[in-house]
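Summary of the model geometry
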Amino acid sequence: MSYKLRFVQSFDKKDSERFLMLEQAFIQLEQENCGISPGKRFVPVAGRLPTNTLIWEAEFPTLENCTDMLKEIANNSDHDALLKEQIVYMRDAYVEIYQELTPDS
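Everything quoted here is computed from the prediction, not taken from an experiment.

1. Considerations on the packing of aromatic side chains
Applying the stated criterion across every chain, the model contains two aromatic pairs. Taken together, a centroid distance of 4.3 Å and an interplanar angle of 15 degrees make the contact between Phe11 and Phe19 stacked. Each member of the pair, Phe11 together with Phe19, is buried.

The structure is reproduced here in structure tokens:
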């Protein structure tokens, strides 16, 4: 059984360029192997969420691995510094954790 961790962030459309540019810095931080698992990022093209939404997600084999990742993010000063820059452009943000359903679950 696996778990999916998602961060969903909406931002002001007028700030899209700056918000997404800062997101590139988060991608670089993940690639530098800082202990934060690399995730996939999406912006809606069509659907319930508006196009000024960023979705980051990653899968983990256990719920413990998922919560360990949240702790790693909370304790990463480089992530905090980037978040302080980016948060001024956010309208809303929330975290979701999903459990994968399998035939035996």
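Now that the structure has been shown, we can carry on.
2. Let's talk about the sheet that holds strand 1 (residues 3-11)
Neighbouring strands of a sheet are bound in pairs by backbone hydrogen bonds; such pairs are parallel or else antiparallel. Taken together, four strands build an open sheet; the order of strands is 2-3-1-4 and the sheet is antiparallel. Edge positions in the sheet fall to strand 2 (40-42) and strand 4 (90-99), since each of these pairs with one other strand and no more. Neighbour-to-neighbour, the strand axes of this sheet turn through a mean angle of 15 degrees, independent of strand direction. Judged from the nine bridges that link them, strand 1 and strand 4 form a sheet pairing that is antiparallel. Note on strand 4: the bridge partner recorded for Tyr3 is Gln99. Packing of helix 1 (residues 16-31) onto the sheet brings it into contact with strand 1, strand 2, strand 3 (53-60) and strand 4, and relative to strand 1 it is tilted by some 150 degrees.

3. Topic: the environment of Ile55
Tracing the backbone shows Ile55 in strand 3. Along the sequence, Ile55 and Phe42 sit 13 residues apart, while their C-alpha atoms lie 5.0 Å from each other. Not counting residues within four places of it along the chain, the set of residues in contact with Ile55 comprises Arg6, Phe7, Val8, Lys40, Arg41, Phe42 and Leu49.

What counts as what
- Residues numbered from 1 in each chain as written.
- Predicted model: local features only at pLDDT ≥ 70, side-chain atom pairs only at ≥ 80, totals over all residues.
- Heavy atoms only, no water.
- Phe/Tyr/Trp six-rings, centres within 6.5 Å; stacked < 30°, edge-to-face > 60°.
- Buried < 20%, exposed > 50% of the residue type's maximum accessible area, 1.4 Å probe, protein only.
- Pairing = 2+ DSSP bridges.
- Helix = DSSP H or I, 4+ residues; strand = E, 2+ residues; numbered from the N terminus.
- Axes fitted to C-alpha atoms, helices over the stretch in contact; angles between N-to-C directions.
- Contact = heavy atoms within 4.5 Å.

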